[in-house]
Structures are given as structure tokens and as C-alpha cells.
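# Structure assessment
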Amino acid sequence: MRKVYLDYSATTPVKEEVVHEMLPYFTEKFGNASSIHGFGQEAKRSLEQARATVAKTMHAAPDTIYFTAGGSESDNWALKGVMSANKSKGNHIITTKIEHHAILHTCEALEKEGAEVTYMEVDEYGLVTPEALEAAMRPNTVLVSIMFINNEIGTMQPIKALSEVAHKHGALFHTDAVQAYGNVDIDVNAYGIDLMSVSSHKIYGPKGVGALYIKKGVRIHNLIEGGAQEKKRRAGTENISGIMGFAKAAELAYANLESHIAHLTKLRDQLLKGILENVDFVKHNGHPTLRHPGNVNVCFEFIEGEALLLSLNAKGIAGSSGSACTSGSLDPSHVLLAIGLPHEIAHGSLRLTIGDFTTEEDVNYTVEALKEVVQKLRMMSPLYDKIRGGQK
């Protein structure tokens, strides 16, 4: 049976070049970067080389990059650290209703500690406008956190315009760029970003490692206390092998960014066209042009997303009903509800995401499988049968 992986926004395979880069740090270059002997100093040099590599991909200075255990930790640190360090300014955070749960749940935790949070509405495409952000700003707003690209529907936000609004009111601007990093060119200075979260396993690097960009001068408290690692801001012996893999993945991503985007965009458009031309009662979600180059998010009326995923899996096709972190939930996606979809339509959602290893044959196979699977599932729907009868 053919196997087709179309869930690259959930995670990616580690590229061979990345594995090759990591291997020596498990056996030969295994030193602790905090040690003063030769083994430790070799690890330290590698660590700083990796930091410079990741910084270059963001057009940032090396000393603004702090390695973490991944995107969720980076999000937690950005929000908790900034709010804790800036209590004298205020206690208000602004975010959106379509953020990743690493942001939403952190905001909920901060609310229990006295923070005030505004969860902004989005339009039918999942966009936040600068005008809406302007209206939400308060004198006590400390931080605005708006994701760069949505992990479910793929919509890309106008980050530069939004950061300008935040700075106009004296607030800091954070963006969860986990889905954007490696898929679009990000210049943190040009975009006006004060803090940015990224993750390795979304760009063909290892899991369990990521980074938080912190602009110089930003007041932020530590998330983890202990040793002097990461300039005393994030304690714990560094995961050198993971960090080296992350840096190599980042280097590859930005060395090949143009061809990567072209490949994803071509197959994404081919996949979406095939679905819309071959299956009826389908809604395409997210902005039609301002979007992730490899994201296709659609809703099929009259069927359940879970049944659709299981049927596709039986044909060797891996997809998602939304965020990987909530794919085990029977509740409809909070993102789809936020863009105004009713529950019955949101339940029939499917997210398919293209990657570097996706082929045209994979796309064609998936379109044919979807035609068959959707038709079969709808034959069990009394409502669909009634609709068809009405059409006839």
C-alpha cells in the first residue's frame, strides 16, 4: 500500500544531513559546554557556532538567540517572563482566539495570577487587522502576542503592521513563528519583532529543541533557574546534539528557501484544485493568498473529520483534523469556530500539509482517495441523501 505523509505542519522527518551533523555529538564531541577542559570547550564552540547560524536565518545578532526545548517552552517563557518582569508597567496582554494552545493556555494561567487578557476576534479568513489591534490597546498593555502563521488554517498575519501598533502604545510584540520559520523569510528587525518563538522539528530537525529570540533591551525574567547556561537566563545543560541538528536544519531551510516555497506552493495549489474539482460541498479555510505555502485546510459537509482521517489512514494517507496537539479531541477546532464556521461544518475539517518530500504522485493519489472516501462516508449520511434528492 502506498504511504503518503501530508502532516508536515505537525512534524517533519529529520533530514539525512541533519542526522549526519548530530551524530558526532553523541559519541566523539560529547562534552558539557560549561566545562573548562578541552571536551567542554569544543562543545562550547559548537554551541556558539549553532547560535550564530540560527541568528543569521532571522537577520538577528547571535546574543539574542536562546535555545529552548521547543516552541511551547519558548511561548511560555516569552509570556510569563515578560509579564513577570514588567509588572510596574501593567498587567494587560493582547492575543487572538486562534493562537496555538501554548499561548492560549499560558494566558489562562496568567489570568489566574492577576493578568488581564484580551482575546481578539479574527475575520472569516483568520486575519487580525491593525485597526482592531489599535482598538484593543490600553495604557496598561504590556505585551501583544500574535502568531505569524496559523498552524491550522495557514493564514499569515500582517506582522509588521501589528508590531507598529504595539510599539506605538509602548507595548512589546511577540510572535509564535513556529509555522512560519523555515517557510518564509523573517527579518526580526524589519518586522519589528521583540520576541519570537521557533521550533526545530517543523523544519526537518530533531524534536525537543527550539529557540526564543529576545531583542536586546527587552525586560524578561528567567523561566528556569539553576546554572549559568544561556547567559543565566535558561538553566540546564545544553542539548548540544539537538542544537547542532536544529542549526543544520535552519541552515538548509534558508539556503533553499526559494525552491522550497516554489515546490510547496505548486503542490498545494494542485491538491486544492483537485479537491475542489472532484468533491462537492467543500469549504476552503484560511486566506486565499496570505497563507502558508504548503497548507490546505478544507471542511467536507455531511461527514465527521475523525471518520475521514481513519479512512484516509486505511489508504496510507496521513493528515490531520487540525492541530496535532488536539487531534485526539472530539471538540471542533477552536480556530474554525473563531472564523465563524458552525459546529456541524467544523467537525468535517481536514488539514493536509505539503513538505519537501511530497510528490505530484502523492497529491494525485490523495485526490483520488478523497473522492472515494468522502463519497463512501456521505452515503451513510441521511442529510446528504436528502440534499442529493432535493438536487435531483
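Our structure is the block above this text.
The sections below set out a description of the structure shown in this document.

Quick notes on the rules
- Residues numbered from 1 in each chain as written.
- Predicted model: local features only at pLDDT ≥ 70, side-chain atom pairs only at ≥ 80, totals over all residues.
- Heavy atoms only, no water.
- Helix = DSSP H or I, 4+ residues; strand = E, 2+ residues; numbered from the N terminus.
- Rg over C-alpha atoms; globule rule 2.2 N^0.38 Å.
- Buried < 20%, exposed > 50% of the residue type's maximum accessible area, 1.4 Å probe, protein only.
- Contact = heavy atoms within 4.5 Å.
- Areas by Shrake-Rupley, 256 points an atom, 1.4 Å probe, with all protein chains shown as cover.
- Lys, Arg positive; Asp, Glu negative; His and termini not counted.
- Charge placed at Lys NZ, Arg CZ, Asp CG, Glu CD.
- Phe/Tyr/Trp six-rings, centres within 6.5 Å; stacked < 30°, edge-to-face > 60°.
- Lys NZ or Arg CZ within 6 Å of the ring centre and 35° of its normal.
- Patch = residues over 30% accessible without salt bridge, like charges linked within 9 Å, V, L, I, M, F, W, Y side chains within 5 Å.
- Salt bridge = Lys/Arg side-chain N within 4 Å of Asp/Glu carboxyl O.
- Pairing = 2+ DSSP bridges.
- Right-handed = clockwise from strand over helix to strand, strands pointing away.
- Axes fitted to C-alpha atoms, helices over the stretch in contact; angles between N-to-C directions.
- Expected span 1.5 Å × (residues − 1).

This part takes up the overall build of the protein. Across its full length, the protein holds 16 helices and 12 strands. Whereas a compact globule of 392 residues would reach a radius of gyration of roughly 21 Å, the protein reaches 22 Å, a difference of no more than 12%. Expressed as a percentage of its 392 residues, the buried residues of the protein come to 55%. If you take every contact in the protein between residues at least 6 apart in sequence, the share linking residues at least 24 apart comes to 74%. If you sum the accessible surface of the protein, you get close to 16,700 Å²; carbon and sulfur atoms cover 54% of it. Computing the positive centroid from 39 side-chain charges and the negative centroid from 46, the protein places the two 2 Å apart.

On to the packing of aromatic side chains, then. Taken as a whole and judged by the stated rule, the model has 10 aromatic pairs. Ring geometry for Tyr204 versus Phe357: centroids 6.0 Å apart, planes at 80 degrees, classification edge-to-face. With Tyr204 in the loop between strand 7 (195-199) and strand 8 (210-214) and Phe357 in the loop between strand 12 (349-353) and helix 15 (360-378), the pair connects residues that are 153 residues apart, well separated along the chain. Classification of Phe357 by relative accessible area gives partly exposed; the value is 47%. Here Arg2 stacks its cationic end above the ring of Tyr365, 5.9 Å away from the centre of that ring.

A surface patch of nonpolar side chains, amounting to about 340 Å² of accessible area, comprises Val14, Val19, Leu23 and Phe26. Along the chain, Val14 falls in the loop between strand 1 (4-5) and helix 1 (16-22).

This brings us to the pairing of strand 3 (residues 92-96). Among the 5 residues that make up strand 3, 5 are buried, leaving the element largely enclosed by the rest of the structure. Neither face of strand 3 is left uncovered, since the one carrying His92, Ile94 and Thr96 and the one carrying Ile93 and Thr95 both have all their residues buried. In this sheet, strand 4 (residues 116-120) lies alongside strand 3 in parallel orientation, the contact comprising 5 bridges. Residue pairing in the sheet places Ile93 in a bridge with Val117 of strand 4. On the question of chirality, the crossover connecting strand 3 to the parallel strand 4 by way of helix 5 (residues 101-111) is right-handed. Bridge count for strand 3 against strand 5 (residues 141-145) is 3 bridges, and the pairing is parallel. Bridge pairing in strand 5 links Ile94 to Val144.

A few words on the sheet that holds strand 8. Read across the open sheet, the 7 strands follow the order 2-8-7-6-5-3-4; overall the sheet is mixed. With partners counted over all chains shown, the strands left at the sheet margins are strand 2 (65-68) and strand 4, one partner each. The average undirected angle you get between the axes of adjacent strands in this sheet is 20 degrees. The sheet contact formed by strand 5 and strand 6 (residues 172-176) spans 3 bridges and is parallel. Residue pairing in the sheet places Ser145 in a bridge with His174 of strand 6. Along the sheet, helix 7 (residues 159-168) contacts strand 5 and strand 6; its crossing angle with strand 6, the most-contacted strand, is approximately 150 degrees.

Turning to helix 4 (residues 71-85), a few remarks are in order. For helix 4, with 15 residues, the first-to-last C-alpha span of 21 Å sits near the 21 Å given by 1.5 Å per residue. Residues of helix 4 that are buried: Gly71, Glu73, Ser74, Asp75, Asn76, Trp77, Ala78, Leu79, Gly81, Val82, Met83 and Ala85.

On to the pattern of salt bridges. Using the criterion set out here, one finds 19 salt bridges in the structure. Between Asp356 and Lys15 there is a salt bridge, and its shortest N-O distance comes to 2.7 Å. Residue Asp356 is located in the loop between strand 12 and helix 15, and its partner Lys15 is located in the loop between strand 1 and helix 1; the two are separated by 341 residues in the primary sequence. Given the relative accessible area of 24%, Asp356 is considered partly exposed. Salt bridges linked by common partners bring Lys44, Glu48, Arg51 and Glu230 together as one network.

Two pairing modes exist for strands in a sheet, parallel and antiparallel, and in both the strands are linked by backbone hydrogen bonds. Across the sheet, 3 strands lie side by side as 9-10-12; this open sheet has antiparallel pairing. Each edge of the open sheet carries a strand with a single partner, namely strand 9 (282-284) and strand 12. Taking each pair of neighbouring strands and ignoring which way they run, the sheet shows an average axis angle of 25 degrees. Examined bridge by bridge, strand 10 (residues 295-300) and strand 12 share 5 bridges and lie antiparallel to one another. Each bridged residue has a counterpart across the sheet, and for Asn295 the counterpart in strand 12 is Thr353.

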